[in-house]
Amino acid sequence: MRGVFLTGIAICVLFLTMTGCNRSDPNVEMARITYNTPTAPNRLLPLVSAENGAIEIQVFDGETVTSKFVFQSAAYRQGMIDDLISAPAARVTGWTLDDITLPIYGMRMATINGPSLWVAWSNGFWITQTGDVYRFDFDFEAFSEQHPWEGVGAHRSRAFSWFPNAVFLTRDAEGWRNTFLTPAAALNPPDDIQMSLDSNTDENVTFTLTNNRDTTWHFGVHHRFDVLLDDIWYHVPPVPGDWMFIHIGLMLGAGQSVAYTYGWDMHGDLPPGTYRLVKFDMYVVFVI
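Notes on the structure in this doc start here. (Residues numbered from 1 in each chain as written. Predicted model: local features only at pLDDT ≥ 70, side-chain atom pairs only at ≥ 80, totals over all residues. Heavy atoms only, no water.)

### Re unusual backbone geometry
- Here the bond from Leu102 into Pro103 is cis, since omega is 0°, no more than 30 degrees from zero.
- Within the fold, Pro103 resides in the loop between strand E4 (89–93) and strand E5 (104–109).
- We note that Asp281 has phi near 65°; this positive angle belongs to a residue other than glycine.
- Mapped onto the elements of the fold, Asp281 is located in the loop between strand E18 (274–279) and strand E19 (282–287).
- A relative accessible area of 26% places Asp281 in the partly exposed class. (Helix = DSSP H or I, 4+ residues; strand = E, 2+ residues; numbered from the N terminus. Buried < 20%, exposed > 50% of the residue type's maximum accessible area, 1.4 Å probe, protein only.)

### Regarding the pattern of salt bridges
- For the coordinates displayed, the defined rule picks out 6 salt bridges.
- Between Glu56 and Arg108 there is a salt bridge, with its nearest N and O atoms 2.9 Å apart. On the criterion of sequence distance, the pair formed by Glu56 in strand E2 (residues 55–60) and Arg108 in strand E5 is long-range, its members being 52 residues apart.
- The exposure class of Glu56 is buried, given its relative accessible area of 4%.
- The partner of Arg177 in a salt bridge is Asp98, with the nearest N and O atoms 2.7 Å apart. Residue Arg177 is located in the loop between strand E10 (175–176) and strand E11 (193–200), and its partner Asp98 is located in the loop between E4 and E5; the two are separated by 79 residues in the primary sequence.
- Look at Arg177 and you get partly exposed, because its relative accessible area is 28%.
- In this structure Asp98 comes out as exposed when scored by relative accessible area, which is 52%.
- Through salt bridges that share partners, Asp98, Asp172 and Arg177 make up one connected network. (Salt bridge = Lys/Arg side-chain N within 4 Å of Asp/Glu carboxyl O.)

### Some words on the pairing of E18
- Counting buried positions over the 6 residues of E18 gives 5, a clear majority of the element.
- Looking at chain direction, strand E14 (residues 224–229) and E18 are connected through 4 bridges and run antiparallel. Directly across from Val227, in E18, lies its bridge partner Tyr275. (Pairing = 2+ DSSP bridges.)

### Some points on the sheet that holds E14
- Strand order across the open sheet formed by 4 strands is E15-E14-E18-E19, with antiparallel pairing between neighbours. Two strands bound the open sheet, and with one partner strand each, they are strand E15 (232–235) and E19. Going across the sheet, the axis of each strand differs from the next one's by a mean of 30°, ignoring polarity.
- With 6 bridges joining them, E18 and E19 adopt antiparallel strand pairing. (Axes fitted to C-alpha atoms, helices over the stretch in contact; angles between N-to-C directions.)

### A word on the pairing of strand E6 (residues 117–122)
- In terms of burial, E6 is a largely internal element, 6 of the 6 residues being buried.
- Side-chain alternation along E6 places Leu117, Val119 and Trp121 on one buried face and Trp118, Ala120 and Ser122 on a second face that is also buried.
- Inspection of the sheet shows E5 paired to E6 by 5 bridges, in the antiparallel sense. In the strand pairing of E6, Tyr105 is matched with Trp121.
- Relative to strand E7 (residues 125–127), E6 runs antiparallel, the two sharing 3 bridges. Bridge assignment links Ala120 to a residue of E7, and that residue is Ile127.

Structure (structure tokens):
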């Protein structure tokens, strides 16, 4: 179902210049975060192609994700890419989720070989789609406002779970953190259709659907995973990529039961916890 869909240490003056006044005690940050020598031009956009598609930017203000696109000429889009490539970048170690501030910017750009390249940026930090972090002192607010974006608000209601590289903004070595995770809405399961857990492993979950109606039930392959944190269910973000569900129709005859096994390759290795697989507002709960 995967479709084509995206760090020795600097001198004190440089550090203070790059981090600004967001922290009350910058010396604490100096002891924790270290940088390699910045490179210019940077190499954070390998294989990005201005020829192969629009540039998308998303902005998360803590509640809403807003997205917009630049559909201008390839030459114009290349100028935008050149602006990003020309900014100094330094690899970071010691970065944590506590370094994230709002707003958070995300970008999706086409590459020469098909799959998109995904970028997230917050508080002067660039988070790659492999989870690596760079110091990247760039004015994303101006970048977000000065270009001829179109389709503003196209994904205004989209959950942060689908924000570029959201998995690295909501999960660390300790597991999930619910600061930016999207709470799941109340479920409204269909009448007379039953979903029951058969088994689960560290790689997949097997469940059975039973149609207790006297007519055929039509459904599809779409589903999601939620994680339980502090008694609240939250959407599990996918790993970066152009993910989509194949729109094929499935049928379950009257009185019939069918078992299915779903893996979570779209979400990578899930940390230990309590999860549920949700399908058509029905769900099964399992523990990893």
